[in-house]
Every structure is written in C-alpha cells, then in structure tokens.
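If you want the building blocks of each chain, they are given just below.
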Amino acid sequence: MRSFMGRDIISLKNFERNEFFRVLEIAEELEPIARNRQNVDLLDNKTLVTAFYQPSTRTRLAHEAAMLRLGGSVTGFSDAKMTRAGDFYQESIKDTFKMLECYGDVIVMRHFQQGAPAEAAKWASIPIINGGDGWGEHPTQILTDLYTVLREKGAIDGLRWVAVGDMRMRTMHSLGYALTQFDCPITFIAPPEMDMPDSFKEDYEAMGLDFAFADHVGDVIGDADVILVEPTIQPDYTKSRDERKGDVPTTPANYKITRDLLVNKAKSDAILLHSLPRMDEIPADVDITRWSRYWQEGFNGVVMRMALLALVLGAME
Ligand code: CP
C-alpha cells in the first residue's frame, strides 16, 4: 500500500480499496479519544493551517477539533476577504500557498473553484487536504460517510445506496468514486437541471460502478440500505459566498425524505445520511426516527479528520 505520509487528499478517484480500509481502521483506533473527549499528544509538535475561501461550519471546525484532540495547533483563515487573496491584490493560489506552507505542517482548504486544491498542491511542499472545491469533490466528507456506514451497518460491501439531491454537488462526485472500490450499487435521483456531469458518469462507467438513475425517491427507497441526501435548494458553489435573496422555493416530493416515506416505504434497518446543512429536504421530525444518522456523521467527521491528519503527518502508518 502507498504510504499516506506527506500525501495530498484531493480526490477519491485514485483511492485504492485497501487504502479506504486503512483509513477506516485508523479512524476506529482513534475514535475512543473523541468519544471520551480527551486530548492526546500524538501531533503535539504539528500545526494545521485552515484556508477557507467559502463558508463552512462542519469541515473547518471538524478539522480544527481533530487537530486539537491530537494535541496539535491550528492557525489560518475562514474569510479570504481578510487576506490578500480577497482584496485588491487577488493574490494567486501559488503565492498564497507558498506562504501558508511556512506557517504549518498540513493545510486544509475549501475553495469555490474546482481544481483549486490540486493547484495549491502543485506549489505547497506540505500535504493539502481538499475541504470541498466548487462543484468538484469533497473527499473527507465521503470518507466520514463510509466510516458512518461501517459503524452503523458493520460492513460496506453488499449494501445498496440511494443518493438524492443536486448531482453537481461535490459530495456526490466523491461518493461515486468511493463506491467504485466497493460492491455497492447506487441509484442517483436529481432534478434534470441538476444532473450528474458527463465527466463523472464516464469515469464511473470506466471504473465499473454499478449505477442507475431514477426520477422519484419514492420509487427506489424501498431497496436502499443507505440513503444519502443533499439539498436541491442550495447556493451556487462556484461563488465565494451566495447570500439568500427573497423567498426560497420548497423541495419537490421527488427529492424529499419525509417521515411518512420512511415509515411506509424504507427498509426498517436502512440508514439516512445527510452531510448538512439542510433546507427542507429532510424535515426536522425525521430526526427522531430510527433511520436518521446525521448527528452521528457529525461526530464521525471529527474522528475521520483525526485519522487523516495522523496519517498524512506520519504519526500513524
Ligand atoms: N458538510 C459540510 O461540508 O458542511 P460545511 O459546509 O458546514 O463544512
């Protein structure tokens, strides 16, 4: 297996099956630290730099919490407008990351341009972790989701997935790549104007993913072991910030997971994932059902980032 030490985590496209299992194994090993709310000294001489050019609650803070749990330090920015990249100078990725590599040992970045983390990785001599790039990928979120599935269902292979929402979403793209390495058929359901881009479909076909498309979640939810949802009402991920203007529409029934749908059509032991934030595609009354697992995903997000930081910084092999 390739070593994770010093490696960039940009995409799940080139992640091998045994590498997924190694990351999941390390997460399981480190999980008690987070569960017991301990801070240890595994990374006590290391610093994480956060470079967020787009808003985030979970991804940035979960990486920061993970670093602090492992005894490391954190510096960085959550608003690029307060840096030279966001003012008159519009400082380039190259110039910015040639600086950031001087301030720490690993960088997690989120950017509105697809490919920005790959560009940063060309210039920085320390590992870059992609915290979401435009309509590109969100690898650490999907690693978190795989870890959640493993913990909740005891295995990943053999499970049937249904993914509902905007297929331009970066999580959906990383999910497709990840499932090429497992025995997991998946059905995608999205509004026609939010269809999966052809480049990803072509990759999935070439990599042997067993995938299909459906129009209404009600038609396929009964087959699903894992139901993964993203909004269809959401901001433009190619912008650094997209303010809400006026009334927002509601989610059509085709892409909405209600209590009624779960009670009447879902398998009784299926699990429901949502990386959050949500609009109305999962109403709050679904939270108190046996299907919901999104709060567990939130906790697992810290554990998975602990595993990734420990691996890329060489504290665990
Ligand atoms: N799921 C996710 O990426 O959440 P944030 O946008 O809050 O980081």
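Residues numbered from 1 in each chain as written. Predicted model: local features only at pLDDT ≥ 70, side-chain atom pairs only at ≥ 80, totals over all residues. Heavy atoms only, no water.

Novice: Looking at this structure, how should I read the side chain of Arg-170?
Specialist: Relative to the helices and strands, Arg-170 resides in helix α6 (residues 170-179). Buried within the structure, Arg-170 lacks any salt-bridge partner; its nearest side chain of opposite charge belongs to Asp-133, at an N-O separation of 6.1 Å. A polar atom in the side chain of Arg-170 sits 3.3 Å from the backbone oxygen of Gly-134. (Helix = DSSP H or I, 4+ residues; strand = E, 2+ residues; numbered from the N terminus. Buried < 20%, exposed > 50% of the residue type's maximum accessible area, 1.4 Å probe, protein only. Lys, Arg positive; Asp, Glu negative; His and termini not counted. Salt bridge = Lys/Arg side-chain N within 4 Å of Asp/Glu carboxyl O. Polar contact = N/O pair within 3.5 Å; in protein donor to acceptor, adjacent residues only side chain to side chain.)

Novice: What's the story with the domain arrangement of the protein in this structure? I'm lost.
Specialist: As a measure of interface size, the accessible area lost when the parts come together is often cited. Its domain assignment divides the protein into domain 1 (17-138 + 300-312) and domain 2 (139-298). Between the C-alpha centres of domain 1 and domain 2 the distance comes to 24 Å. In this assembly, 33 residues from domain 1 lie in contact with 39 residues from domain 2. For the domain 1 and domain 2 pair, buried surface summed over both sides reaches about 3,100 Å², with 57% attributable to carbon and sulfur atoms. Three residues stand out in domain 1 for area buried against domain 2, namely Trp-135, His-138 and Asn-300, and they jointly supply 30% of the buried area on that side. Counting the contacts that link domain 1 with domain 2 gives 3 salt bridges. A salt bridge links Arg-151 to Glu-31; its shortest N-O distance comes to 3.4 Å. On inspection of domain 1 and its partner domain 2, the count reaches 23 residue pairs in polar contact (both at pLDDT 80 or more). Among the elements of the structure, α1 (17-35), α2 (58-69), β3 (106-111), β4 (128-133) and α10 (294-312) are those that each provide at least two residues to the side of domain 1 that touches domain 2. Residues belonging to the side of domain 1 that touches domain 2 are distributed by class as follows: 13 nonpolar, 12 polar and 8 charged. (Domains from an automatic or database assignment. Contact = heavy atoms within 4.5 Å. Buried area = accessible area lost by both parts, 1.4 Å probe. Nonpolar A, V, L, I, M, F, W, Y, C, P; charged D, E, K, R; others polar.)

Novice: Can you help me understand the site of the ligand in this one?
Specialist: Near the ligand you find Ser-56, Thr-57, Arg-58, Thr-59, Arg-110, His-138, Gln-141, Ser-275 and Leu-276, and these make up its full shell. One nitrogen or oxygen atom from the main chain of Leu-276 is found 2.8 Å from a nitrogen atom belonging to the ligand. Contact with the protein chains removes 91% of the 260 Å² of surface that the ligand exposes when unbound. Looking at the shell around the ligand, its residues break down into 1 nonpolar, 6 polar and 2 charged. In terms of domain composition, the shell around the ligand takes at least three residues from each of domain 1 (17-138 + 300-312) and domain 2 (139-298). (Near = heavy atom within 4 Å. Areas by Shrake-Rupley, 256 points an atom, 1.4 Å probe, with all protein chains shown as cover.)

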